[in-house]
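Residue-level structural notes
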Amino acid sequence: MGAKLHSMPEIPGKMKERFEAIFGRDYDKFEECCRNDYKKSFRVNTLKISVEDALELLKGNGIITKRIPWTKNGFFTDVKSVGNSFENFMGYIYIQGPASMLPAMVLDPNPGETVLDMCASPGSKTTQIAAMMKNKGVLVANESDYKRIKLLRFNNDKNGVLNSVITNLDGRDFAKSKLRFDKILLDAPCTGEGIVMREWEVIKRWNMKLVIKMCRLQKDLIASAISCLKPGGTLVYSTCTLSPEENEEVIDHALKIGGIELEDIELKGIKTRKGLTSWDRYTYNERVSKCVRVWPQDNGTEGFFVAKLKKV
Ligand SMILES: C[S@@+](CC[C@H](N)C(=O)[O-])C[C@H]1O[C@@H](n2cnc3c(N)ncnc32)[C@H](O)[C@@H]1O
């Protein structure tokens, strides 16, 4: 984390209360972290360039980089204008948050597989998945909001993604289809509490009704994802929010549906926390502790939640 930023809107009472309940004694560190400046990060797009060549080009253009310890192709830089760089313009790099790179890494897609990215726009993780698949196999990139399809298509084209089919469906409707996938990423729509430090709009939009509304949608989406997973297939559920209702409660719901098991997630070079097994007056399945929480104050990243499920 670098220099301090001037100001961030006050976190409103109810939201603050909940953050205090989640973080306990760490709340002050969380708030301080939100007010701190954050480093820009990007991923080298190996569909277009090797990591070595990209770093050399960047260095030549005065962009000094430092590897993100938990990734292979992700880097931090102090250069705020990296988004305006030649390398980004050419699709050699993709500007992406350091924790946002985790879900696709946990999904671990391989060339030749059939993969669904259920909520895909603007395509950070679609382009990452395509690079991991080396453009081989089939990648269905779905987005329900027609207005956001354009951006997804733009990013796929710019980054040289050749193995994707873009669909404009409600993710809940995949359950009705006969399609079956080896791997599914459900990077669900959420309240975005983990990115308050970058998008202050999150604070203005936030209220408990929205948390509950998202929780219902997320439960329906995960049920749909489970139903179109092949036996033995992997489903990764992720959000950039901190609410247990949008995270552990959704996974608890998935376990109640049955036919799936939670898997351990092994990540090196990043401090993570276990999934909560109780919240408010609710108790979740003990196995939910296998999920991973990434708290902003632990690594200087955005907040994230990741769960890995296997269809049995
Ligand atoms: C967290 S964003 C996805 C970010 C994306 N995975 C990435 O890494 O760039 C969630 C997306 O889900 C879309 N969405 C919302 N409701 C949906 C639904 N019912 N079915 C499919 N997509 C939905 C939103 O429009 C939004 O683009």
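Each remark here, short or long, concerns the structure printed above.
So, here's what we can say about the structure. (Residues numbered from 1 in each chain as written. Predicted model: local features only at pLDDT ≥ 70, side-chain atom pairs only at ≥ 80, totals over all residues. Heavy atoms only, no water.)

1. A look at the state of the cysteines
Tallied over the entire structure, the rule returns 0 disulfides. Unpaired in terms of disulfides, Cys33 finds its nearest cysteine sulfur in Cys34, a separation of 5.6 Å. Owing to a relative accessible area of 6%, Cys33 belongs among the buried residues under this scheme. The cysteine Cys240 is free of any disulfide, with Cys190 supplying the nearest cysteine sulfur at 3.7 Å. A residue is classified by how much of its surface remains accessible, and Cys240, at 17% relative accessible area, is buried. (Disulfide = S-S within 2.5 Å. Buried < 20%, exposed > 50% of the residue type's maximum accessible area, 1.4 Å probe, protein only.)

2. Quick word on the site of the ligand
In the vicinity of the ligand lie 21 residues, with Lys125, Glu143, Arg148, Gly171 and Asp187 positioned nearest. In this structure, Ser124 approaches the ligand through a main-chain N or O atom, which is 3.0 Å from an oxygen atom. If the ligand stood free it would expose 600 Å²; the protein chains cover 86% of that surface. For the shell around the ligand, the secondary structure elements donating two or more residues are α6 (124–132) and α9 (208–227). Broken down by class, the residue content of the shell around the ligand amounts to 9 nonpolar, 6 polar and 6 charged. (Near = heavy atom within 4 Å. Polar contact = N/O pair within 3.5 Å; in protein donor to acceptor, adjacent residues only side chain to side chain. Areas by Shrake-Rupley, 256 points an atom, 1.4 Å probe, with all protein chains shown as cover. Helix = DSSP H or I, 4+ residues; strand = E, 2+ residues; numbered from the N terminus. Nonpolar A, V, L, I, M, F, W, Y, C, P; charged D, E, K, R; others polar.)

3. Let's talk about the pairing of strand β8 (residues 181–187)
The buried fraction of β8 amounts to 6 of the 7 residues, a majority that puts the element mostly inside the structure. Sheet analysis places strand β5 (residues 114–117) next to β8, joined by 3 bridges and oriented parallel. Bridged to Leu116 within β8 is Ile184. Relative to strand β9 (residues 229–239), β8 runs parallel, the two being bridged by 6 bridges. Following the sheet pairing, Asp187 is matched in β9 by Ser238. (Pairing = 2+ DSSP bridges.)

4. A few points about the packing of α9 against helix α10 (residues 248–257)
It is the contact of α9 with α10, at a shortest axis distance of 9 Å, that shows an interaxial angle of 40 degrees. Classified by the angle their axes make, α9 and α10 are oblique. Seen from above, α9 lies across α10 with right-handed handedness. Facing Cys215, Gln218, Lys219, Ile222, Ala223 and Ile226 of α9, the residues of α10 in contact are Glu249, Val250, Ile251, His253, Ala254 and Ile257. By residue class, the composition of the contact of α9 with α10 is 8 nonpolar, 2 polar and 2 charged. (Axes fitted to C-alpha atoms, helices over the stretch in contact; angles between N-to-C directions. Parallel < 35°, antiparallel > 145°, perpendicular 65-115°, else oblique. Left-handed = near helix turned anticlockwise from the far one by under 90°. Contact = heavy atoms within 4.5 Å.)

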